[in-house]
Amino acid sequence: MRTVGLALVLASLMAGNAMAQPKWAIVVHGGAGVIARAHLTPEQEAAYRAAMTRVIQAGGEVLAGGGSALDAIETAIGLLEDDPLFNSGRGAVFTAEGRNELDASIMDGATLKAGAVAGVTRTRHPISLARAVMEKSPHVMLMGAGADTFSHETGLEQVEPAYFYTERRWRSLEQFLTQNNLPIPARPEGAAAPDAAAGLAHDEGKYGTVGVVALDQAGHVAAGTSTGGTTGKRWGRVGDSPIIGAGNYASDASCAVSATGTGEYFIRLTVAREVCALVEHRGLSLQAAADEVIQQKLTALGGDGGVIAVAPDGQMAWSYNTSGMYRARLADGEPLSVGIYKDEP
Ligand code: ASP
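The text that follows walks through the structure, step by step, so that each part is easy to find. If you're wondering where the values come from, they're calculated on a predicted model, not measured in any experiment.

Looking at the overall build of the chain
Phase 1 of the analysis: The secondary structure content of the chain amounts to 10 helices and 12 strands.
Phase 2 of the analysis: Buried positions account for 54% of the 345 residues belonging to the chain.
Phase 3 of the analysis: Residue pairs in contact within the chain that sit at least 24 positions apart in sequence constitute 69% of those at least 6 positions apart.
Phase 4 of the analysis: For the chain, the accessible surface area stands at approximately 14000 Å², while carbon and sulfur atoms represent 57% of it.

Here it is, written out as structure tokens:
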């Protein structure tokens, strides 16, 4: 009896420890898709792991230093937007017309304020533009030429459209257009020569969106998402990434979520808000809520992709129904975890 009693005390002490709430936490994704071991060379795998590590550590430093979740998100996504490995900012996929039209959104769980842009073409960091919409305009969402003008007027860094060009995304576009019997447009003026880093990039299908969710030391959560959308998109198509409640959502009352995958399904299921609603109204754990939406609802509808999430009490989660998702998580007092394939924790 005494042994059982002691074991129970020990178990509850250990559980208490394991459940100690981290002061801050951050989860990052670099897109989901067809990412299997057989598809990546060791060099490609190492490049993605190194990029995810560098980015999450930069975001983690902001949080460890007492910075806000919004600042950590803008820092981490800014780095991902500069990295040609990912489908956001430089390295974004092309539209059927051979353009880079970028979407991004950000949401502050403390105030439920949000900002989003769709189809912007000249802002180096679309996530910063989404934040400017949230903080410096009376609106939540701006699109196209008007959003480009707002960006310029706000003083954000502007680049020539060809800045976003990468050779491998152009090749993906050519392949997509050929398969779909569509004409191949001329390369954008000033398109850069292939660079070494782009040579390491892996084609994860049509995805590769980036997203970050964070919990800061003040107990607030926030979410950010940035993408070039899907390869060969036409007719001004906009996916879920800039749609609050679909590809991005944050509320201190429940959680913060960023999504990646075929946006049309995420919009129809309001995936990000749905995960938070299950936490808020049904009291599900963050992991159970993410799994219910991705493994049950999204899968039943025929959609593909995944989410990352964080809650104000420090719970972190990810769930995806594709063969892989570039992902990483880090929290105060917890070791860094980076994953690509399904069989990793
Ligand atoms: N969700 C994005 C979109 O549909 C694509 C992605 O996640 O890679 O635009």
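Things to note about helix α9 (residues 271–282)
What sets the pattern is the α-helix's 3.6 residues per turn: residues three or four places apart point alike.
Phase 1 of the analysis: An ideal rise of 1.5 Å per residue puts 16 Å on 12 residues; α9 measures up with 16 Å between its terminal C-alpha atoms.
Phase 2 of the analysis: For α9, the elements touching its buried residues are β7 (248–250), β8 (256–261), α8 (263–268), α10 (286–301) and β9 (305–310).
Phase 3 of the analysis: Following α9 by one or two positions, Gly283 adopts a phi angle in the positive range, close to 65 degrees.

Regarding the packing of aromatic side chains
Phase 1 of the analysis: Evaluation of the coordinates by the stated rule reveals seven aromatic pairs.
Phase 2 of the analysis: Centroid distance Phe94 to Trp170: 4.9 Å. Interplanar angle 85 degrees. Geometry classified as edge-to-face. In this pair, Phe94 sits in the loop between α3 (69–82) and β2 (102–108) while Trp170 sits in helix α6 (residues 167–179), placing the two residues 76 residues apart along the sequence. Of the two residues, Phe94 and Trp170, neither departs from the other in class, the shared state being buried.
Phase 3 of the analysis: Grouping aromatic residues by their ring pairs yields a cluster made of Tyr48, Phe86 and Tyr326.
Phase 4 of the analysis: The aromatic ring of Trp318 is capped on one face by Arg327, whose charged end is 5.2 Å from the ring centroid.

Things to note about the pattern of salt bridges
Phase 1 of the analysis: This structure, assessed with the given rule, holds 18 salt bridges.
Phase 2 of the analysis: Measuring nitrogen to oxygen at the nearest pair gives 3.0 Å for the salt bridge that ties Arg49 to Glu344. A residue pair is termed long-range when its members are at least 10 positions apart, and Arg49 in helix α2 (residues 42–64) and Glu344 in the segment after β12 (334–341) qualify at 295 residues.

Focus: the site of the ligand
Phase 1 of the analysis: Not every one of the 11 residues close to the ligand is listed here, only the nearest: Thr209, Arg237, Asp240, Thr260 and Gly261.
Phase 2 of the analysis: Here a nitrogen atom of the ligand and a backbone polar atom of Gly261 are 2.7 Å apart.
Phase 3 of the analysis: The contact in question runs from an oxygen atom of the ligand to an N or O atom on the backbone of Gly263, over 2.9 Å.
Phase 4 of the analysis: Contact with the protein chains covers 100% of the free accessible surface of the ligand, which is 270 Å².
Phase 5 of the analysis: Considered class by class, the residues forming the shell around the ligand number one nonpolar, eight polar and two charged.

Some remarks on the packing of α2 against α3
Phase 1 of the analysis: Interhelical geometry of α2 versus α3 gives an angle of 160 degrees and a closest axis separation of 8 Å. With respect to α3, the element α2 is oriented roughly antiparallel. The handedness of the crossing between α2 and α3 comes out as right-handed. Of the residues in α3, those touching α2 at Arg54, Val55, Ala58, Gly59, Val62 and Leu63 are Ala69, Asp71, Ala72, Thr75, Ala76, Leu79 and Leu80.
Phase 2 of the analysis: For the contact of α2 with α3, the per-class residue count stands at nine nonpolar, two polar and two charged.

Reading guide: rules and limits
Residues numbered from 1 in each chain as written. Predicted model: local features only at pLDDT ≥ 70, side-chain atom pairs only at ≥ 80, totals over all residues. Heavy atoms only, no water. Helix = DSSP H or I, 4+ residues; strand = E, 2+ residues; numbered from the N terminus. Buried < 20%, exposed > 50% of the residue type's maximum accessible area, 1.4 Å probe, protein only. Contact = heavy atoms within 4.5 Å. Areas by Shrake-Rupley, 256 points an atom, 1.4 Å probe, with all protein chains shown as cover. Expected span 1.5 Å × (residues − 1). Phe/Tyr/Trp six-rings, centres within 6.5 Å; stacked < 30°, edge-to-face > 60°. Lys NZ or Arg CZ within 6 Å of the ring centre and 35° of its normal. Salt bridge = Lys/Arg side-chain N within 4 Å of Asp/Glu carboxyl O. Near = heavy atom within 4 Å. Polar contact = N/O pair within 3.5 Å; in protein donor to acceptor, adjacent residues only side chain to side chain. Nonpolar A, V, L, I, M, F, W, Y, C, P; charged D, E, K, R; others polar. Axes fitted to C-alpha atoms, helices over the stretch in contact; angles between N-to-C directions. Parallel < 35°, antiparallel > 145°, perpendicular 65-115°, else oblique. Left-handed = near helix turned anticlockwise from the far one by under 90°.

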